[in-house]
Every structure is written in structure tokens, then in C-alpha cells.
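# Analysis of the macromolecular model
One-letter residues, chain by chain:
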Amino acid sequence: AEEQLRQSQKMEAIGHLTGGIAHDFNNLLAATLSNLAMLEKQLPADPKMQRFLSTAMLAAERGAALTQRMLAFSRRQDLRPGSLDLHELIVGMTELMQRSIGPMVRIETDFPDDLPPVFADANQLELAILNLVVNARDAMADGGCIRISASALEMRNDPDLEPGGYVRIAVADEGRGMDAETLAKATEPFFTTKGVGEGTGLGLSMVQGLVAQSGGRLCLVSDVGKGTTAKIYLPAGAAGFAAREPLQMSSEVPLD
Ligand code: ADP
């Protein structure tokens, strides 16, 4: 419990910091992009110059996408939880997922017909699942299959969960897996084994924060050389536990 408190205080501090930085960068990049767009209109049709310009715009757009992720991590957006049909949510984002992971990896889904709804924020949950799916892809350099499944279950003896009904969403890959040391650190903010410019190390800590805030938890199971399964537990039902003191990380920082 002490370790959890320490971790949540660390997350809160980092949330403040990244939120502030991301917000400022977002404004700077917006100004950069709009000025580049004006330049693009006025520039003569010289292919070489157009190429310089489009490279600059692409870099600025990637920067903007990254700051969006950092903003999502610092949770400046308020959660708007509601009753969600998970199967519908996953079907609705299949195209987005496939586009994000490319053609080498395919996605399989397995949902029971009688899955109860969960109570969570649809956009944030999509972002969380997308993060897990992208991590799964990154672990499978030679391609393979990502299996997304869900089941309903009762949780009675989990120290991190109120006893009650839950829905477990599992994202399983056949990738390289994690050794014990990596697994222990995987959810820490800024921990990444990916190269510079490839990983932010914020994905899993964001997923964990979001899920905890929704009254659930994230659980990672991994086998080196065999693969990883990320499981998200969310309270079942149309009203969940999400009304219980949400862990707001940057609530007192004004938006502008
Ligand atoms: P990032 O993806 O930017 O590195 P994450 O917080 O999402 O940040 O992940 C942290 C680290 O955990 C990754 O760099 C990787 O080493 C490990 N990891 C996460 N998901 C998986 C997975 N499905 N298979 C293997 N390793 C993983």
C-alpha cells in the first residue's frame, strides 16, 4: 500500500509536469503548423522546397500527436464515464487499430454474447486498448496475431478491487514477452525499452491510471519468448464504482 501511495504521488507530480509542458508545446506546434500551412500556399511549385516544407510539417504533426498523448496521460480531459457495450466499442475501433498496427499483425476478437456492460469513459478506454494493441504489435517484429477477448467474472479476494462483478478485457500477443525486471517496471512512467523517438514510456502508466480511476485494475502476465497478456478489469454494470473519488491528477491547473 505504501508503494502504491508512493507510485500515485509520483504519477501526480509527473502528471502536473507533463500536462504543463504538453499544453505549452501544443500551442507552439499549432502556431508552427498554421504558419507552415500559409507558407505552403504561397511557395512556388518548386518540388525541392515543397519537400522541405512537407518534411517540416510532418515533424510538427508528429510532435502534436505526441503532445496529445501526453495531455491524455496527464488527464486534463475530464473523464465522462458511461455504460459501455465493449463488443460494440471494439468492433467500432477495429479499423483504427488495424491502421495503427499495419498489415503484418492481425487482430482476432472473442466476445461472449451475454457480456454485461462496463462503466467507463469510451474515448479513454479506446485510447487504453489502442495502447495495449500497439505494444503488442511492437513486441511482434515478425508479425503474428493479437487476440482481444472479454469475459465476466466475480472478484471477491483482490486487495485492489471492491468485491463485485467485473468484466475482464484481455489483449494477448505472441511476441517476445518481458523478463521479470522489465515486467516489474513496465507500468512506471517513462520506463521504455524502445528507441529514442519510438517509445515514451507513458502508455502503460496511462492505461493503469485510467483503469484505476474507473474502479478497476491492470494486470500484466508475460512469458519471455512466448508473449504477453494485458488484462484490464472494469466494474460491470451500468453505474460501476467510478463515482468514488476519482484520482484527478491536474484538476486544479487551469486549462488555459
Ligand atoms: P512504450 O510503449 O512507449 O515503451 P509503455 O509504458 O507502453 O511505453 O511500455 C513500457 C515498456 O513495457 C515497453 O517499452 C516494453 O519494454 C514493455 N512492454 C509493454 N507491452 C509489452 C508487450 N506487449 N510485450 C513486450 N513488452 C512490452
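Everything below is about the structure shown above.
Below, the structure is looked at part by part. Since the structure is predicted, the reported quantities are computational estimates derived from the model, not experimental observations.

## Observations regarding the site of the ligand
Residues in close proximity to the ligand total 23 residues, the closest being Asn 135, Ala 139, Thr 192, Gly 199 and Gly 203. Within the residue set of the shell around the ligand, elements represented by two or more residues are helix H5 (122-138) and helix H7 (203-213). Taken together, the residues of the shell around the ligand sort by class into 7 nonpolar, 13 polar and 3 charged.

## Focus: H5
A rise of 1.5 Å per residue sets the reference length of H5, with its 17 residues, at 24 Å; its end C-alpha atoms lie 24 Å apart and thus fit the reference within 8%. Along H5, the residues classified as buried are Gln 124, Leu 125, Leu 127, Ala 128, Ile 129, Asn 131, Leu 132, Val 133, Asn 135, Ala 136 and Arg 137.

## Focus on the pairing of strand E7 (residues 227-235)
In terms of burial, E7 is largely enclosed, as 8 of its 9 residues are buried. As paired elements, strand E5 (residues 164-172) and E7 share 7 bridges and run antiparallel to each other. Of the residues in E7, the one forming a bridge with Val 171 is Ala 230. Note that strand E6 (residues 217-223) and E7 share 7 bridges and pair antiparallel. Paired with Cys 219 across the strands is Lys 231, a residue of E7. Between E6 and E7, which follow one another and run antiparallel, lie 3 residues, and Gly 225 among them has a positive phi close to 85 degrees.

## Examining the packing of helix H4 (residues 94-101) against H5
Contact pair H4 / H5: the axes reach a minimum separation of 10 Å and the direction vectors enclose 35 degrees. The crossing of H4 and H5 is right-handed. Between H4 and H5, the contacting residues are Met 97, Ser 100 and Ile 101 on the first element and Leu 130, Val 133, Val 134 and Arg 137 on the second. When grouped by side-chain class, the residues that make up the contact of H4 with H5 number 5 nonpolar, 1 polar and 1 charged.

## Description of the pairing of strand E4 (residues 144-155)
Where strand E2 (residues 105-110) lies against E4, 6 bridges are found, and the strand directions are parallel. Bridge pairing in E4 links Val 105 to Gly 144. Here 9 bridges tie E4 to E5, and the two strands are oriented antiparallel to one another. Paired with Ser 149 across the two strands is Ala 170, which belongs to E5.

## Remarks on the sheet that holds E5
Read across the sheet, 5 strands follow the order E2-E4-E5-E7-E6 without closing on themselves; strand pairing throughout is mixed. Among the strands making up the open sheet, the edge pair consists of E2 and E6. With direction set aside, neighbouring strand axes in the sheet form an average angle of 20 degrees. Across the face of the sheet, H5 comes into contact with E2, E4, E5 and E7 while running at roughly 35 degrees to E5.

Parameters at a glance
- Residues numbered from 1 in each chain as written.
- Predicted model: local features only at pLDDT ≥ 70, side-chain atom pairs only at ≥ 80, totals over all residues.
- Near = placed C-beta within 6 Å.
- Helix = DSSP H or I, 4+ residues; strand = E, 2+ residues; numbered from the N terminus.
- Nonpolar A, V, L, I, M, F, W, Y, C, P; charged D, E, K, R; others polar.
- Expected span 1.5 Å × (residues − 1).
- Buried ≥ 20, exposed ≤ 12 C-beta atoms within 10 Å, placed from the backbone.
- Pairing = 2+ DSSP bridges.
- Axes fitted to C-alpha atoms, helices over the stretch in contact; angles between N-to-C directions.
- Left-handed = near helix turned anticlockwise from the far one by under 90°.
- Contact = placed C-beta atoms within 7 Å.

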